Amino acid sequence: MTEVSTETVSKSKVLQLGNQATARGLLDGGVRYFAAYPGTPSTEIMEEAIKIAPEYGAIAHWSTNEAVALEEAIAAAMSGKFAAFAAKHVGLNVASDPLNSVSYMGVPGALVMCIADDPAMHSSQNEQDTRWYGRLSHLPIIEPIDAQSAYDLAKKAVEISHKFEIPVIFRLTTRISHGLGPVEWSERVEPPESEFKKDPQRFVTIPANARKNKIRHHKVWSSLKEWVETSGLWQEYNNGGKIGVIATSVSGAYSYEAIKRFEEKIDLLIPFITHPLPEQKVLDFIKSHDKIIIVEELDDVLEREIKLLAFNNGVNVEIHGKDVMPWDFEFNTKIVAEGIAKALGKPVESEKFVVKEDLIIPRPPTFCPGCPHRATYFALERVFKRKDAIFSNDIGCYSLGVLPPFHGADALVAMGASLGMAPGFALSNPNKPIISIIGDSTFWHTGLPGLANAIWHNINLLVIVMDNEVTAMTGMQENPSALYLPMGDKLSIEKVSEAMGAKTWVLDPFDEKTLRKTIKEAAEMPGVKVIVTRRACAIVETHELKKKNEPLPPPVEVDMEKCVLCGICYEDMACPAISLNVEEQKVEVDQALCTGCGYCAVICPKDAFYVVERKLE
Amino acid sequence: MKDIQNILLAGVGGQGIVSLGHLILQSAINSGYKVKGAETHGLSQRGGTVVFHARIGDVMGPLISKGEADFLISLELAETARYIEYLKPNGTLIMSTRTIYPNILQIINKKYPKLEEIYDVVSKRAKTVYVIPTESMALEIGSARAENLILLGALIKLNPIFDYGIVEDAVAKRWPKAKEVNLKALKAGYEYLEKSGGATLSHVLDKKEKTM
Ligand SMILES: Cc1ncc(C[n+]2csc(CCOP(=O)(O)OP(=O)(O)O)c2C)c(N)n1
Ligand code: SF4
Ligand code: SF4
């Protein structure tokens, strides 16, 4: 084990996530205006940018949603600024309207759109491949393979965008975004001074101008294509073999390791710009090999392109791709090596060691101890008792209300859809209560048009806004009504819903009795009613106390003389810090997990919980 | 493949796995090695299972494939069973006896596995298994949340890549305020492996009986 290669890395290198390196690369490349909406795995690009923006005098902030964020960045880039935008893959769907129009007109400054895909759907509802957006909107795509290349290529992307006045898609994936590596930074680029210069023929997309812009865009595309041929934006590992692998993104890194596992000499080409492809480079590579294996996660985007290229140029070479590599989920070195083995007609070993299934317990994500959402679901559960109500849910921590012991989600499609779907549910199921559940960030993101629509159509609907005063799911970002808000004055959810015409309550979810009573009452009233359940996310609460150097609330204890093991706390409310010790028949509180929130004391029918002094830390 | 070392860290959200991973990578960098790593973010952090891939040496990709980890460090008992397949057939397992019981088991009527059952399976895969009662050790040190550092101490005792002083520095830099208690935890883990009886299953079980 001491044989680990000791090729030294410079100690001045910083250990960074791909996302952090991307942010640094953008700003070092001259980006001075950056807008984004959070979404795993893209979030830390903006988080890092907010941290370092003061060093550059740059603007970097969260916006209400992705369309708005991209529109901000477009206007900055129209004004000649070097601008950037970041989102997760599905976020680009929200921003796809401005995307597909800005592409024709281009921008005089620079515009880099960092989009992170999520192969394996670690934190997403689908596995869409952003590379299709490059084809749809006719925009270039750049794909880093690790943190260092994320830094270098983010910088390069700004340069290309400015040089060709074209927006650039910078495509990451979970393992690039959340992959760590040492990163070395290079010199900063100072962007030119600029302000908006009127050019309505270019920037006002009435059809007559759009037609001209489209022709203009083709010219830009041809010159970009020509430039790419000599750009050197690829990495080649030539071992003098007759088998060639072409891989992109993190698959490039896996392939680099996988080809070393074969006795055959295998060459590797990793293009960093994948749209437009450096065609001559790829052609030379495929012509000089007998067998080509294309390695890409998600769809067969590159495979189609390369097969077409070979066909158009009369190159007759055996090309493998999705016939040997998986279509679904993420890769690793072993998976890539197995795919290569299949293409070479070699046997693939199967794993003989398996662990008995009953030793592997399920551990789905749950609401944290002290989470306000759990309390709201507990009340909802008591009122509706799994009856016929339809829960139209949304995307946030509260989505976890779908998991036992709660039954708080019957449908979940996209951000804002809890309200968008409401009339569809209400008018198709007139005899069932309809409940839309949405969070504060999502309310501002895409909840507003859905709420207006529901009120306009005068349906019967109970809306629960689970307001934990932060955008929690993605790791505690601000939003217009967030509690700890350095960005400006707080907006009011209740004022908006009242002004739209909905009867509105604001309640503390820990006040279980009032909440339950109000839910019951509101559910019976006609029209759209809104209950805002407001209490800060438990994680934010703890952070704030720590920041202020204040003591954390002590954990609770259980008086087993009083407890009757009714199960309300550990089963119905299911706080992760409380469990039943089956052997000893007693309720136990985990000292490290309990936040001392006290909600268990609110719901225990026997008054068995009490608070003790915290002995630790 | 000899010039790569793969260390997989497994546990439950909130146990400080990402911090542990960063310390391992940073210490390796400070000792002059190339590194790559992968973190878990997002949904899985909410009390779900969490893994961190730490790779040292001539590495390019961030992930450790199944059956290729030289070390598996598991901060939670049942998680050891979930990730044991990642260990090389002759790899080293450092496992905590800490259990974090997911309430879902109560609801679906499933049992949390026993220490002996898990040990039985994992010792079929690992060449050496070190069992460490991190929960009671952390409480003794005075920080319920320092279990991760106890395991780090054990790792550096077993793994010649790491230099104790360099790791200490990295820990002190990361938590200037809680430096003392964290360094204590690191030392406790390191020394636990030196003690008579060692980090064996029977040692843990003996102790359990005595305290009962
Ligand atoms: C279009 C789109 N953008 C971003 C995301 C990522 N995302 C998932 S949940 C969430 C935030 C939800 O915040 P909030 O509604 O306040 O709920 P909380 O998590 O705080 O409970 C975001 C941004 C997404 N799934 N879809
Ligand atoms: S992060 Fe906050 S809102 Fe999300 S589950 Fe935990 S306590 Fe609840
Ligand atoms: S809710 Fe109270 S009485 Fe019921 S199990 Fe919990 S502690 Fe015991």
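Residues numbered from 1 in each chain as written. Chains lettered and ligands numbered in written order. Predicted model: local features only at pLDDT ≥ 70, side-chain atom pairs only at ≥ 80, totals over all residues. Heavy atoms only, no water.

## Examining the site of ligand 1
Residue and element names in this part refer to chain A.
Piece 1. Around ligand 1, 25 residues are found, and the nearest of them are Glu66, His373, Cys397, Asp440 and Thr442.
Piece 2. In the model, an oxygen atom of ligand 1 is placed 2.6 Å from a nitrogen or oxygen of the Asp440 side chain.
Piece 3. Coverage of ligand 1 by the protein chains reaches 97% of its 590 Å² of free accessible surface.
Piece 4. Going through the elements one at a time, helix H4 (89–94) and helix H18 (440–456) are the ones with two or more residues in the shell around ligand 1.
Piece 5. For the shell around ligand 1, the residue count by class is 11 nonpolar, 11 polar and 3 charged. (Near = heavy atom within 4 Å. Polar contact = N/O pair within 3.5 Å; in protein donor to acceptor, adjacent residues only side chain to side chain. Areas by Shrake-Rupley, 256 points an atom, 1.4 Å probe, with all protein chains shown as cover. Helix = DSSP H or I, 4+ residues; strand = E, 2+ residues; numbered from the N terminus. Nonpolar A, V, L, I, M, F, W, Y, C, P; charged D, E, K, R; others polar.)

## Let's talk about the sheet that holds strand S5 (residues 110–117) of chain A
Residues and elements named next belong to chain A.
Piece 1. Reading across the sheet, the 7 strands line up as S3-S2-S4-S5-S7-S6-S12 and stay open at both edges, with mixed pairing between neighbours. Strands at the two margins of the open sheet, each flanked by one partner only, are strand S3 (59–62) and strand S12 (273–275).
Piece 2. Both strand S2 (residues 33–36) and S3 contribute to a ladder of 4 bridges, which runs parallel. Directly across from Phe34, in S3, lies its bridge partner Ala60. (Pairing = 2+ DSSP bridges.)

## A short note on the environment of Arg171 of chain A
All names here are of chain A.
Piece 1. In this structure, Arg171 sits in strand S7 (residues 168–173).
Piece 2. Residue class for Arg171 comes out buried when judged on its relative accessible area of 2%.
Piece 3. In sequence terms Arg171 and Ile578 are 407 residues apart; their C-alpha atoms lie 43 Å from each other.
Piece 4. What Arg171 contacts, discounting residues up to four positions off in sequence, is Ile115, Asp117, Asp129, Thr130, Arg131, Ile141, Ile142, Glu143, Pro144, Ser249 and Leu298.
Piece 5. A distance of 3.0 Å separates polar atoms of two side chains, one belonging to Arg171 and the other to Asp117.
Piece 6. Polar contacts involving the side chain of Arg171 include one to the side chain of Glu143, which spans 2.8 Å. (Buried < 20%, exposed > 50% of the residue type's maximum accessible area, 1.4 Å probe, protein only. Contact = heavy atoms within 4.5 Å.)

## Points about the pairing of strand S11 (residues 266–271) of chain A
All names here are of chain A.
Piece 1. Of all the 6 residues making up S11, 6 are buried; the element is thus mostly covered by neighbouring parts of the structure.
Piece 2. Residues Ile266, Leu268 and Ile270 of S11 are buried on one face, and the alternating residues Asp267, Leu269 and Pro271, pointing to the opposite face, are buried as well.
Piece 3. In this structure, strand S9 (residues 234–237) lies alongside S11, joined through 4 bridges in antiparallel fashion. The residue bridging Trp234 from the neighbouring strand is Pro271, located in S11.
Piece 4. Sheet topology places strand S10 (residues 243–247) next to S11; 4 bridges connect them, and they run parallel. Within the sheet, the bridge partner assigned to Ile243 lies in S11 and is Ile266.
Piece 5. Between S10 and its parallel partner S11, the chain crosses via helix H11 (residues 249–258), and the hand of that crossover is right-handed. (Right-handed = clockwise from strand over helix to strand, strands pointing away.)

## Points about the pattern of salt bridges
Residues and elements named next belong to chain A.
Piece 1. Under the counting rule described, the total for this entry stands at 44 salt bridges over all chains.
Piece 2. Across the pair Lys225 and Glu279 runs a salt bridge, and its minimum N-O distance is 3.6 Å. With Lys225 in helix H10 (residues 207–229) and Glu279 in helix H12 (residues 279–287), this residue pair connects regions lying 54 residues apart in the sequence.
Piece 3. Residue Glu279 is classed as partly exposed on the basis of its relative accessible area of 28%.
Piece 4. Lys490 is the salt-bridge partner of Glu469, the closest N and O atoms lying 3.2 Å from each other. Placement of the pair is Glu469 in the loop between strand S17 (461–467) and helix H19 (493–500) and Lys490 in the loop between S17 and H19, with a sequence separation of 21 residues.
Piece 5. Overall, the relative accessible area of 10% leaves Glu469 in the buried class.
Piece 6. Under the relative-accessibility criterion, Lys490 is labelled partly exposed at 42%. (Salt bridge = Lys/Arg side-chain N within 4 Å of Asp/Glu carboxyl O.)

## Topic: the packing of helix H1 (residues 18–28) of chain A against helix H7 (residues 147–164) of chain A
All names here are of chain A.
Piece 1. Where H1 contacts H7, the two axes come as close as 7 Å, and the packing angle between them is 30 degrees. The angle between the axes of H1 and H7 places the two elements in the roughly parallel class. The interaxial crossing formed by H1 with H7 has right-handed handedness. Here Gly18, Ala21, Thr22, Arg24, Gly25, Leu26 and Asp28 of H1 come into contact with H7, specifically with Ala147, Ala150, Tyr151, Ala154, Lys155 and Val158.
Piece 2. When the residues that make up the contact of H1 with H7 are grouped by side-chain class, the tally is 7 nonpolar, 3 polar and 3 charged. (Axes fitted to C-alpha atoms, helices over the stretch in contact; angles between N-to-C directions. Parallel < 35°, antiparallel > 145°, perpendicular 65-115°, else oblique. Left-handed = near helix turned anticlockwise from the far one by under 90°.)

## Things to note about the pairing of strand S19 (residues 528–534) of chain A
Residues and elements named next belong to chain A.
Piece 1. Among the 7 residues of S19, 6 are classified as buried, and the element is accordingly described as predominantly covered.
Piece 2. Both S17 and S19 contribute to a ladder of 7 bridges, which runs parallel. What sits directly across from Ile464, in S19, is Ile531.
Piece 3. In this region the chain leaves strand S18 (residues 503–507), passes through helix H20 (residues 512–524) and returns to the parallel neighbour S19; the handedness of that crossover is right-handed.

## Quick notes on the side chain of Glu257 of chain A
Piece 1. Mapped onto the elements, Glu257 of chain A comes out in helix H11.
Piece 2. A residue is classified by how much of its surface remains accessible, and Glu257 of chain A, at 6% relative accessible area, is buried.
Piece 3. Discounting chain neighbours no more than four positions away, the residues touching Glu257 of chain A are Thr333 of chain A together with Arg55, Val59, Met60 and Gly61 of chain B.

## Remarks on the packing of aromatic side chains
All names here are of chain A.
Piece 1. The final tally for this structure, using the stated rule, is 13 aromatic pairs over all chains.
Piece 2. Geometrically, the ring pair formed by Phe196 and Phe203 is tilted, given 5.8 Å between the ring centres and 35 degrees between the ring planes.
Piece 3. On the numbers, 5.9 Å between centres and 90 degrees between planes, the contact of Phe384 with Phe391 is edge-to-face.
Piece 4. Looking at Phe391, the relative accessible area reads 6%, which means it is buried.
Piece 5. Members of the aromatic cluster, joined through ring pairs, are Phe367, Tyr377 and Phe406.
Piece 6. Between Arg188 and the ring centre of Tyr56, over which it is positioned, the NZ or CZ distance is 3.9 Å. (Phe/Tyr/Trp six-rings, centres within 6.5 Å; stacked < 30°, edge-to-face > 60°. Lys NZ or Arg CZ within 6 Å of the ring centre and 35° of its normal.)

## A few points about the site of ligand 3
Piece 1. Around ligand 3 sit Cys563, Val564, Leu565, Cys566, Gly567, Ile568, Cys569, Tyr570, Cys604, Pro605, Ala608 and Phe609 of chain A, and those are all the residues in its vicinity.
Piece 2. Sort the elements by how many residues they give to the shell around ligand 3 and helix H22 (residues 568–572) of chain A lands first, with 3 residues.

## Structural notes on the side chain of Thr134 of chain B
Piece 1. Secondary-structure assignment places Thr134 of chain B in helix H5 (residues 134–141).
Piece 2. Every residue in contact with Thr134 of chain B, bar those within four places of it in the chain, is listed here: Ser96, Thr97, Arg98, Glu147, Ile150 and Leu151 of chain B.

## A closer look at unusual backbone geometry
Residues and elements named next belong to chain A.
Piece 1. Thr40 connects to Pro41 through a cis peptide bond whose omega is 5 degrees.
Piece 2. By the element assignment, Pro41 lies in the loop between S2 and helix H2 (43–56).
Piece 3. Across the junction of Pro404 and Pro405, the peptide omega takes the value 5 degrees, indicating a cis bond.
Piece 4. As for its placement among the helices and strands, Pro405 is situated in the loop between strand S15 (390–392) and helix H16 (417–420).
Piece 5. Phi is positive for Met121, which is not a glycine, with a value near 50 degrees.
Piece 6. Structurally, Met121 can be placed in the loop between S5 and helix H6 (131–137).
Piece 7. Given a relative accessible area of 28%, Met121 falls into the partly exposed group.
Piece 8. Of note, Ser249 is a non-glycine position whose phi angle comes to about 55 degrees, a positive value.
Piece 9. Relative to the helices and strands, Ser249 resides in helix H11.

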